[in-house]
Amino acid sequence: MTDDELPELRASDADRERVAEQLRDALAEGRLDMEEFEERLEATYKARTYGELTPITRDLPGAAVATPISMVKQPVDDGSWGSRIVGGEGSSSWGVAVLSGFERKGRWTVPRRFNSFAFMGGGEIDLREANFADREVVVNCVAVMGGMNVIVPPGVEVVVRGIGIMGGFDHREEGRPGDPGAPRVIVTGFAFWGGVGVERKLTRAERQRQREERRQEKLERRAARKELQGSQGGRLGDVFDVLDDARDLIRDRHEDHHEYRDEREQERRERHEERRDRHRERREDRHRRHFGDY
């Protein structure tokens, strides 16, 4: 394949998400204004080939730090912890929310130390699909009349060292040993009239994969029962099939309920932040009108 043909290769969802994350970092660092960010983000999700995707971040210095887009498909990593500890400086090193919110999620690289600050706002630091610059990373959270949530995948060791004054840090995920080779995440910082939550969650793709595995196991059990029973005892096999279906239905609904609850909570926080911004704008407008009368 020639170099001229490479840009015509089809881009994947993961490729588009990497570019979107670079754009979010550029917006947070002030390299893009909101209008430029929205235009480029729209172009990112419309892109179908590498030739359309690559120019979107070509003028951003952060593109050299973040994972570059390869013009040749490489073997997919094996998903092991060793493949996710990549070294380097990290693709984003800080997040700030003042009367607003921020989030770091998807395929990004966590630096050795990530600093975040929230004042009357909130932030979400999602490490479930992230790579790590080192085997031990520090997530420093300062929340003043605000809150932050750190989401880690199963298998990661968590240590919480934050200090809360009329606020607090969530210690429920401490004490669980990590998987061999998994990174260690230290959550530290300060919370005043605010809170920092720490929770373990599977990605949606991982939950779907587990569901598919359970369904496949159920089909195999049914096939084994039918083979053993033959033409006799068929009704007993039907009873087991119904019980299997009911158990899977209950488990799936339980997982969907928790996912739905998390999504609604995120929407509630976003609506709260929008209302707070509108109240602030109205106060500022009244202030300008009041002093403009003199």
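Residues numbered from 1 in each chain as written. Predicted model: local features only at pLDDT ≥ 70, side-chain atom pairs only at ≥ 80, totals over all residues. Heavy atoms only, no water.

In the structure shown here, the tally under the stated rule is 9 salt bridges. Arg184 is the partner of Glu136 in a salt bridge, and the nearest nitrogen-oxygen pair spans 2.8 Å. Taken together, the residues Glu136 in strand 7 (residues 136-144) and Arg184 in strand 12 (residues 184-192) connect sequence positions 48 residues apart. A residue is classified by how much of its surface remains accessible, and Arg184, at 25% relative accessible area, is partly exposed. Between Arg200 and Glu173 there is a salt bridge whose closest N-O contact spans 2.8 Å. One end of the pair, Arg200, is in strand 13 (residues 195-200); the other, Glu173, is in the loop between strand 11 (168-169) and strand 12, with 27 residues separating them in the sequence. One salt-bridge network, in which partners are shared between bridges, spans Glu136, Glu157 and Arg184. (Salt bridge = Lys/Arg side-chain N within 4 Å of Asp/Glu carboxyl O. Helix = DSSP H or I, 4+ residues; strand = E, 2+ residues; numbered from the N terminus. Buried < 20%, exposed > 50% of the residue type's maximum accessible area, 1.4 Å probe, protein only.)

So, about the packing of aromatic side chains. Following the criterion strictly, the structure yields 2 aromatic pairs and no others. Their ring planes at 70° and their centres at 5.5 Å tell us that Trp108 and Phe114 sit as a pair that is edge-to-face. Trp108 gets classed as buried once you look at its relative accessible area, which sits at 1%. Consider the rings of Phe192 and Trp193, whose centres lie 5.6 Å apart with planes at 5°: the pair is stacked. Its relative accessible area of 29% is what places Phe192 among the partly exposed residues. (Phe/Tyr/Trp six-rings, centres within 6.5 Å; stacked < 30°, edge-to-face > 60°.)

You can see Arg104 is positioned in strand 2 (residues 101-104). Here Trp94 takes part through its backbone oxygen, which lies 2.9 Å from a polar atom of the side chain of Arg104. Excluding anything up to four places from it in sequence, Arg104 contacts Glu21, Asp25, Ala28, Ser92, Trp94, Gly95, Phe114, Glu124, Ile125 and Asp126. (Polar contact = N/O pair within 3.5 Å; in protein donor to acceptor, adjacent residues only side chain to side chain. Contact = heavy atoms within 4.5 Å.)

What follows concerns the pairing of strand 8 (residues 147-152). Where burial is concerned, most of strand 8 is hidden: 5 out of the 6 residues are buried. Looking at chain direction, strand 5 (residues 122-126) and strand 8 are connected through 5 bridges and run parallel. Pairing of Ile125 across the sheet is with Val150, part of strand 8. Pairing between strand 8 and strand 13: 6 bridges, direction parallel. Each residue of the ladder has a partner; that of Asn149, found in strand 13, is Gly197. (Pairing = 2+ DSSP bridges.)

As a further point, take helix 1 (residues 13-28). One turn of an α-helix holds 3.6 residues; hence residues three or four places apart share an orientation. When the terminal C-alpha atoms of helix 1 are compared, their 23 Å separation across 16 residues agrees well with the 22 Å that a helix rising 1.5 Å per residue should span. Of the positions making up helix 1, those classed as buried are Asp15, Arg16, Arg18, Val19, Ala20, Glu21, Gln22, Leu23, Asp25 and Ala26. Turning to helix 1, the residues buried within the fold contact helix 2 (34-46), helix 3 (50-53) and strand 2. Positioned one or two residues after helix 1, Gly30 has a phi angle of 85°, which is positive. (Expected span 1.5 Å × (residues − 1).)

With that settled, consider the environment of Gly181. Residue placement: Gly181 occurs in the loop between strand 11 and strand 12. Of the residues examined, Gly181 reaches a relative accessible area of 35% and is grouped as partly exposed. Considered as a pair, Gly181 and Ser83 are 98 residues apart in the sequence and their alpha carbons are 10.0 Å apart. Non-local contacts of Gly181, meaning those with residues more than four positions away in its chain, are made with Trp81, Ile85 and Arg135.

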